[in-house]
Amino acid sequence: MDLLEYMRSQNNMTQAEWERTFEDEAREILVLLAGGGGAGKRNGFWDVSHYFIAYVDCQTSALHTGDGRIVYPVSDEEHGAGGILDRFRREAVYRLKARKRIPHEVPEGVSASEQNRFLIVELLEDPSCPALEEVLTEYRRPVVMTDEVLGELTLDKDYDTFEGVIPWRDEDIDISLEVDSSSEDTWTSAVVAMKQMVADQDAWDRDMRTFAARELTELARDWRESADEEVPEITEESFAQRLDLTSIAMDPDGSFSAYFDDNDMFFGHCVVVYGTLADGVSAANMEG
């Protein structure tokens, strides 16, 4: 089963089928939440998840570290009422009775956290746990990397990104290096990739603007016709010149996304250009 087939099979599960992917017997755990959460629509219900970075099995007292999710189902009505993700606080410890996800085969590209999930059965009292408090203290400790070209980069542990600011053609832009926070090899690869782009920034800037103008000028003209007031005519040349680069996100493998302010050509939406260092620019979209 490839990744797309796997995701479709997961999303097509009914609530009863989904709950059967967890063990029958519930266990007590102490879990340290960090990193946010989300909700995904499945077949007739919503799968709500809150991210954790460690948990303790109360029966064995064993500490387990690594990304995971505590999950529970909600109806369309509950989801529509809002506030679903406010039920649990971030960077907090909770004591739960929960059913662990049954191990199963997953295709390449599925994160390890897919297997590390607990279906909540009951929220319990007494969340005190010194071992998890130590993990939280370490989690909160800043991780800063300094590079002679990219400057100071700070790790956002919630999103596994190093964030920084660099000069780009006489203007400052934000950069985001997408990494695996537990693998320093990915840190190095992302830094090397970003520095390669910076070193040839004039050519990359020209190529990104030219590609975006070729792909999106006609669309911008359509938007211009719906404007309430007189706006300048848009040509491919003026489109490219009006874009204002604000940030670049880089993966360790050299894949990148560059975000441009649209200068009101799409009434405040952004233009995103995608590509790889190896193959060049491959796509440009109006987004946001």
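Scroll up for the structure.
Structure report, in brief.

### What about unusual backbone geometry?
Of note in the backbone geometry, Glu91 takes a positive phi value of approximately 55° without being a glycine. Looking at the secondary structure, you find Glu91 in the loop between α3 (76-81) and β4 (92-100). What makes Glu91 partly exposed here is its relative accessible area of 29%. In this structure, Arg169 takes a positive phi of about 50° despite not being glycine. Tracing the sequence through the fold places Arg169 in the loop between β8 (161-168) and β9 (171-178).

### Quick look at the environment of Val121
Position of Val121 relative to the elements: it lies in strand β5 (residues 117-124). We classify Val121 as partly exposed; its relative accessible area is 45%. For the pair formed by Val121 and Ile102, sequence separation is 19 residues and the distance between their alpha carbons is 16 Å. Setting aside chain neighbours within four positions, we find Val121 in contact with Ala26, Lys97, Ala98 and Arg99.

### Quick notes on the pattern of salt bridges
Inspection of the entire model under this criterion finds 18 salt bridges. Linking Arg42 and Asp47 is a salt bridge whose minimum nitrogen-to-oxygen distance equals 2.9 Å. Between Asp205 and Arg169 there is a salt bridge; the shortest N-O distance is 3.3 Å. You can see Asp205 sitting in helix α6 (residues 201-225) and its partner Arg169 sitting in the loop between β8 and β9, a full 36 residues away along the chain. A relative accessible area of 3% places Asp205 in the buried class. Linked by salt bridges that have partners in common, Arg169, Asp202, Asp205 and Arg209 make up one network.

### Considerations on the state of the cysteines
Simply put, the disulfide is a covalent bond whose two ends are the sulfur atoms of two cysteines. Counted under the stated rule, the structure contains zero disulfides. In this model Cys58 remains outside any disulfide bridge; the closest cysteine sulfur is found in Cys129, 7.6 Å from its own. Residue Cys58 is classed as partly exposed on the basis of its relative accessible area of 24%.

### A closer look at the environment of Pro232
Mapped onto the secondary structure, Pro232 falls in the loop between α6 and α7 (236-242). Residue Pro232 is classed as exposed on the basis of its relative accessible area of 55%. Sequence separation of Pro232 and Met265 is 33 residues, and the distance between their C-alpha atoms is 9.6 Å.

### Points about the packing of aromatic side chains
Throughout the structure, instances matching the rule amount to 10 aromatic pairs. Ring geometry for Trp18 and Phe22: centres 5.4 Å apart, planes at 80°, overall edge-to-face. Judged by its relative accessible area of 2%, Trp18 is buried. Accessibility expressed as a relative area gives 1% for Phe22, which makes it buried. Ring geometry for Tyr72 against Phe88: centres 6.3 Å apart, planes inclined by 50°, an arrangement best described as tilted. Within this pair, whereas Tyr72 is found in strand β3 (residues 62-74), its partner Phe88 is found in the loop between α3 and β4, the two being separated by 16 residues in sequence.

### Quick word on the sheet that holds strand β11 (residues 255-261)
With mixed pairing, the eight strands of this open sheet are ordered in space as β6-β7-β8-β9-β10-β11-β12-β13. Of all the strands in the sheet, the pair left with one neighbour each is β6 (144-147) and β13 (280-287). Direction aside, the axes of adjacent strands within the sheet are offset by 25° on average. The strands that helix α5 (residues 184-199) touches are β6, β7 (151-156), β8, β9, β10 (244-250) and β11; relative to β10, the one it contacts most, it runs at about 150°. The sheet contacts of α6 involve β8, β10, β11, β12 (270-276) and β13, and relative to β13 the element is tilted by about 40°.

### Concerning the pairing of β9
Bridge analysis of β8 against β9 gives eight bridges, and the strand direction is antiparallel. When the bridges of β9 are listed, Pro167 appears paired with Asp172. What sits between the antiparallel neighbours β8 and β9 is a turn of two residues, in which Arg169 has the positive phi angle 50°. Here β9 runs beside β10; their pairing, made up of four bridges, is parallel. Residue pairing in the sheet places Asp174 in a bridge with Ser247 of β10.

### As for the pairing of strand β2 (residues 46-57)
Counted residue by residue, β2 has 11 buried out of 12 residues, so it is predominantly covered. The pairing of strand β1 (residues 27-41) with β2 spans 10 bridges and is classified as antiparallel. Counterpart to Leu33 in the pairing with β2 is Phe52. As consecutive antiparallel partners, β1 and β2 are separated by four residues, and within that stretch Gly44 has a phi angle of approximately 95°, a positive value. One ladder, built from 11 bridges, connects β2 with β3; its direction is antiparallel. Bridging from a neighbouring strand, Asp57 pairs with Ala62 of β3. In this structure, the hairpin formed by β2 and β3 is closed by a connection of four residues, where Ser61 is found at a positive phi of approximately 65°.

What counts, and at which threshold
Residues numbered from 1 in each chain as written. Predicted model: local features only at pLDDT ≥ 70, side-chain atom pairs only at ≥ 80, totals over all residues. Heavy atoms only, no water. Helix = DSSP H or I, 4+ residues; strand = E, 2+ residues; numbered from the N terminus. Buried < 20%, exposed > 50% of the residue type's maximum accessible area, 1.4 Å probe, protein only. Contact = heavy atoms within 4.5 Å. Salt bridge = Lys/Arg side-chain N within 4 Å of Asp/Glu carboxyl O. Disulfide = S-S within 2.5 Å. Phe/Tyr/Trp six-rings, centres within 6.5 Å; stacked < 30°, edge-to-face > 60°. Pairing = 2+ DSSP bridges. Axes fitted to C-alpha atoms, helices over the stretch in contact; angles between N-to-C directions.

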